[in-house]
Amino acid sequence: MKAQDKSEYIAYRISKAEETLLAAKELANKNYWNSCVNRLYYALFYAVNALLINDGVIAKSHTGVKTQFFQLYIKTGKINIKFGQLYSDLIDWRQKGDYNDFFDLSQEEVLPLLEPVEIFIQKIKVLLNLA
């Protein structure tokens, strides 16, 4: 990937992360908790993907993104493990909320996730020199 294409892609993914976070907040305001978690997960997925692309890592699946992220950022201590746990939890809850019957998240479970997701995205922007 050319440097210009790479920087445009990274900017696009961060923009998508921020837009998706806003969508999650709107869904929270309407008490759509499973959908909110779906959007929170995707907000982080887009931001993490931008981080990986910045390092020249192209993952072809959600699992690949998670694996590479944990190897390059969590295990090395570049990103605090609490954010790794948040990302893992959102992956699990998004899967359950999207595919399991009778799995309904609550306001008490979801509202406390909004701020940490926003902080996590800001942390990634700092690592990308975009903040």
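The structure this text deals with has already been given above.
These notes cover the structure that comes with them.

1. Details of the overall build of the protein chain
In terms of regular secondary structure, the protein chain is built from five helices and zero strands. Listing every helix and strand of the protein chain by position from the N terminus yields α-α-α-α-α. A compact globule built from 131 residues should have a C-alpha radius of gyration of about 14 Å, and the protein chain, at 14 Å, falls within 12% of that. Once the C-alpha set of the protein chain is aligned to its principal axes, its extents read approximately 45 × 25 × 25 Å. Across the 131 residues in the protein chain, those meeting the buried criterion constitute 43%. Expressed as a percentage of contacts within the protein chain between residues at least 6 apart in sequence, the contacts between residues at least 24 apart total 66%. Looking at the protein chain as shown, the accessible area adds up to about 7500 Å², and 49% of this sits on carbon and sulfur atoms. In the protein chain, the 16 positive side-chain charges and the 15 negative ones have mean positions that sit 8 Å from each other.

2. Things to note about unusual backbone geometry
Within the chain, Asn31 stands out as a residue other than glycine whose phi angle is a positive 65°. Within the fold, Asn31 resides in the loop between helix H1 (3-29) and helix H2 (33-54). The partly exposed category is assigned to Asn31, whose relative accessible area is 47%. Notably, Phe102 is not glycine yet its phi reads approximately 60°, a positive angle. Following the sequence through the fold, Phe102 ends up in the loop between helix H4 (81-99) and helix H5 (107-127).

3. A look at the packing of aromatic side chains
Counting across every chain of the model gives eleven aromatic pairs. Here Phe69 and Tyr87 contribute two aromatic rings whose centre-to-centre distance is 5.6 Å and whose plane-to-plane angle is 70°, an arrangement assigned as edge-to-face. Taken as a pair, Phe69 in helix H3 (residues 62-74) and Tyr87 in helix H4 lie far apart in primary sequence, 18 residues in all. By relative accessible area, Tyr87 is classed as buried at 0%. Taken together, Tyr41, Tyr42, Phe45, Tyr46, Phe69, Phe70, Tyr73, Phe83, Tyr87 and Phe120 form an aromatic cluster joined through their ring pairs. The aromatic ring of Phe70 is capped on one face by Lys66, whose charged end is 5.9 Å from the ring centroid.

Cut-off values and rules
Residues numbered from 1 in each chain as written. Predicted model: local features only at pLDDT ≥ 70, side-chain atom pairs only at ≥ 80, totals over all residues. Heavy atoms only, no water. Helix = DSSP H or I, 4+ residues; strand = E, 2+ residues; numbered from the N terminus. Rg over C-alpha atoms; globule rule 2.2 N^0.38 Å. Buried < 20%, exposed > 50% of the residue type's maximum accessible area, 1.4 Å probe, protein only. Contact = heavy atoms within 4.5 Å. Areas by Shrake-Rupley, 256 points an atom, 1.4 Å probe, with all protein chains shown as cover. Lys, Arg positive; Asp, Glu negative; His and termini not counted. Charge placed at Lys NZ, Arg CZ, Asp CG, Glu CD. Phe/Tyr/Trp six-rings, centres within 6.5 Å; stacked < 30°, edge-to-face > 60°. Lys NZ or Arg CZ within 6 Å of the ring centre and 35° of its normal.

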